[in-house]
Amino acid sequence: MRILAKDIAEAAGSRPGEEVQVFGWVHRIRDMGGITFVMLRDRSGLLQLVFNEKPLDSSGAPLTLESVIGARGLPAVNEKAPGGAELQVKALEIISRAAPELPYQVNGDVSKMGLETILDNRILSVRSPKIRSIFNVQAVIIEAFSACLRSRDFTEIKTSKLVWGGTEGGTELFEVEYFDRKVCLAQSPQFYKEAMVAGGMERVFEVAPAYRAEKHDTPRHLNEYVSLDVEMAFIESEKDLIELEKDLLSHIFAEVNRKNRADLALWNASAPDPDTVAASPVIGYEEAVKLASEMAGKAGGGRIFDINPEAERFLCDWAKKEYSCDLVFVNEFPRRYRPFYTYPSDANRTMSFDSLFRGLEISTGGRRQHSYEAFIETLPRFGLKPENMQNYASLLQYGCPPHGGFAVGLERLTARILGLANVKEASLFPRDRKRVTP
Ligand code: AMO
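Residues numbered from 1 in each chain as written. Predicted model: local features only at pLDDT ≥ 70, side-chain atom pairs only at ≥ 80, totals over all residues. Heavy atoms only, no water.

Colleague: Talk me through the sheet that holds strand β1 (residues 20-31); I want residue IDs and the actual numbers.
Modeller: As summarised here, the arrangement of the five strands in space is β1-β2-β3-β5-β4, forming a closed barrel in which the pairing is mixed. Shown here is a sheet whose adjacent strand axes are inclined to one another by a mean of 55°, direction ignored. Looking at chain direction, β1 and strand β4 (residues 68-77) are connected through six bridges and run antiparallel. Bridge pairing in β4 places V22 opposite A71. (Pairing = 2+ DSSP bridges. Helix = DSSP H or I, 4+ residues; strand = E, 2+ residues; numbered from the N terminus. Axes fitted to C-alpha atoms, helices over the stretch in contact; angles between N-to-C directions.)

Colleague: Can you break down the packing of aromatic side chains residue by residue, with the values?
Modeller: Evaluation of the coordinates by the stated rule reveals 16 aromatic pairs. Plain terms: the ring middles of F329 and F353 are 6.1 Å apart, the flat faces sit at 50° to each other, and that makes the pair tilted. Residue F329 is located in strand β13 (residues 327-331), and its partner F353 is located in strand β14 (residues 352-357); the two are separated by 24 residues in the primary sequence. Per residue, the accessibility class of F329 equals that of F353, and both read buried. Judged by centre distance (5.1 Å) and plane angle (80°), the rings of F340 and Y392 are edge-to-face. Of this pair, F340 sits in the loop between β13 and β14 while Y392 is found in helix α12 (residues 390-393), placing the two residues 52 residues apart along the sequence. You'll find F340 and Y392 in the same group, each marked buried. An aromatic cluster of at least three residues, connected via ring pairs, comprises W164, F191, Y192, F340, Y341, F375 and Y392. Sitting over the ring of W267, K130 keeps its end group 4.3 Å from the ring centre. The ring of Y337 has R336 lying over it, and the distance from NZ or CZ to the ring centre is 4.6 Å. (Phe/Tyr/Trp six-rings, centres within 6.5 Å; stacked < 30°, edge-to-face > 60°. Buried < 20%, exposed > 50% of the residue type's maximum accessible area, 1.4 Å probe, protein only. Lys NZ or Arg CZ within 6 Å of the ring centre and 35° of its normal.)

What follows is the structure in structure tokens.
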């Protein structure tokens, strides 16, 4: 019978004397003279294999690290082995032999591996249990995000990433040859999620890549990231969205703490207590800038004029100190800092917000313009010509409810939960200015 590594103790306890079979990768080899211990790794964890003879392949060549093998034998209790049991091997099959020289040491200390080495050797580096754990957490985030929204009557949509223009800023666009013309990679599903709300779906969400042609290389930017997007109809202001995002993050954090206990332990990390999320403060933009500036002054720094990365860190420190929260929302952003589709609350401010989590912006959102006339009137303020914006404006022409939404960056959320220094670590195949392989 085939079992997984994690089930070895159960097999030893419930079916002693019964042979089982395991398949996986060779994680570590310890030759003790007469006896050889091989650590086998499968998707469930590690298992100690015990060989009384040297494990050789049919041609007599020794086993190499990371080879894929199958082993048959008897499970036996051994408290010193991971999982409390081991396999006394009777038969070994080397299914796929790994080259003896590995460009990345899978069983090594991840904290000593450079980021470029980890990324250059992704197929090997993701085999390190600690690195694999990042993507276990990420999978649970996506699952919890989707489940929570489905339970609130949101419909999942998938929209095109080939678009006619930008929604989030003119210069950060990747152009793509599209037959005899040029189109762009979507910076966000902004137009399509709003279009589906106007299209009568009312509540939609999407999990999909978004593309930003940002030229700078920072620990918080990717040129392709996964955007967790939400849009809903019949809201009054951004405050409805902040409440929704709090509920959503509470659910995500609860699920990660419940399902990723072992993954979190590898990073000595934990997601926030969901109860603290509900208590997260919401602070207006102007007050937030003032507060961050004062904090910077006290720390011996210069003045702060907008919510830059330094301000994000100060505001999170403040929320931690005053409210014991890892999350803080900043709302009422000035119109000049928000895209053309944002709904103004007065001449200078908008019904929009950012959420900052453990020192980093993880989401942006707000209410949108839903009046065609007001939208067209606003465009010149952003240097946009109404005649060039007809595609976008068309969603407002035939009956559009008051609506709004937000987007959370998946890699940023993952990185901040685990305490990763760079968002690239939370992307399986990150794209940056230099990197398009593997
Ligand atoms: P914004 O451009 O602020 O808003 O993006 C929303 C969130 O997406 C993540 N993000 C990124 N993550 C990694 N690398 C990047 N280059 C990058 N750019 C953005 C961040 C950010 O907070 N359409 C609006 C959302 C809305 O209003 O619904 C938008 O895209 O976590």
